[in-house]
Amino acid sequence: LKDLNCFSSQLEAMQEQMRCLKEKQRCAEQLWEQRLEEVEEICHSKVAMLAAQCRAQEAQAACMDRQERQHAAMMRRREEAMLQQEEHAHEQLAAIQEALMVEQFHRGEAALVQQERAAAEEAATKAAQEQLAAQ
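Below is a summary of the structure that appears in this document. (Residues numbered from 1 in each chain as written. Predicted model: local features only at pLDDT ≥ 70, side-chain atom pairs only at ≥ 80, totals over all residues. Heavy atoms only, no water.)

**Observations concerning the overall build of the protein chain**
- Along the backbone of the protein chain there are one helix and zero strands.
- Rg of the C-alpha trace for the protein chain: 57 Å, well past the compact-globule value of 14 Å for 135 residues, more than 25% over.
- Overall, the C-alpha framework of the protein chain stretches about 195 × 15 × 10 Å when taken along its three principal axes.
- Across the 135 residues of the protein chain, 1% fall into the buried class.
- Of the roughly 12,900 Å² of accessible surface on the protein chain, a fraction of 58% belongs to carbon and sulfur atoms.
- If you average the places of the 16 positive and of the 25 negative side-chain charges in the protein chain, the two averages end up 14 Å apart. (Helix = DSSP H or I, 4+ residues; strand = E, 2+ residues; numbered from the N terminus. Rg over C-alpha atoms; globule rule 2.2 N^0.38 Å. Buried < 20%, exposed > 50% of the residue type's maximum accessible area, 1.4 Å probe, protein only. Areas by Shrake-Rupley, 256 points an atom, 1.4 Å probe, with all protein chains shown as cover. Lys, Arg positive; Asp, Glu negative; His and termini not counted. Charge placed at Lys NZ, Arg CZ, Asp CG, Glu CD.)

What follows is the structure, encoded as structure tokens:
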């Protein structure tokens, strides 16, 4: 009977240990699940952050591409404007040179006419003096 009591006590103690082990196992599994959820949450968070960074970098690259295209278009417009200004300046220079040549021609013509008048007046004066001297 004593052995039976001892065996019964041992059995109860072993059953208590089993309950404790099962409780520890349940706690460990619960902790493992909790940690697993935390790790999954961290991974999802990091993936979302990396995806957001990628989208931001893509948007920045697209913005830079757009700015480069706008800058190139602005430079082309500026170059075209400068070429037009240069062409206009050449046209103005040609018009000014032509006007100067016409002005020089008219001045030369006027000088010749004046020389002819002066020569005619001198000849008339000389003829008048000769006529007076002949009288």
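On we go from here.
**Considerations on a negative patch on the surface**
- The grouping of E29, E33, E37, E38, E40 and E41 at the surface amounts to a negative patch.
- Note that E29 resides in helix 1 (residues 2-134). (Patch = residues over 30% accessible without salt bridge, like charges linked within 9 Å, V, L, I, M, F, W, Y side chains within 5 Å. Salt bridge = Lys/Arg side-chain N within 4 Å of Asp/Glu carboxyl O.)

**Some words on the pattern of salt bridges**
- The tally for this structure, following the rule as stated, stands at three salt bridges.
- Across the pair E23 and R26 runs a salt bridge whose closest N-O atoms are separated by 2.6 Å. Note that E23 and R26 are positioned in helix 1 at a spacing of three residues, about one turn of the helix.
- Linking R107 and E103 is a salt bridge whose minimum nitrogen-to-oxygen distance equals 3.1 Å. On the criterion of helical spacing, the pair formed by R107 and E103 is a turn pair, its members being four residues apart in helix 1.
- Given the relative accessible area of 58%, R107 is considered exposed.
- With a relative accessible area of 38%, E103 lands in the partly exposed category.

This is a description of form; function is not addressed.
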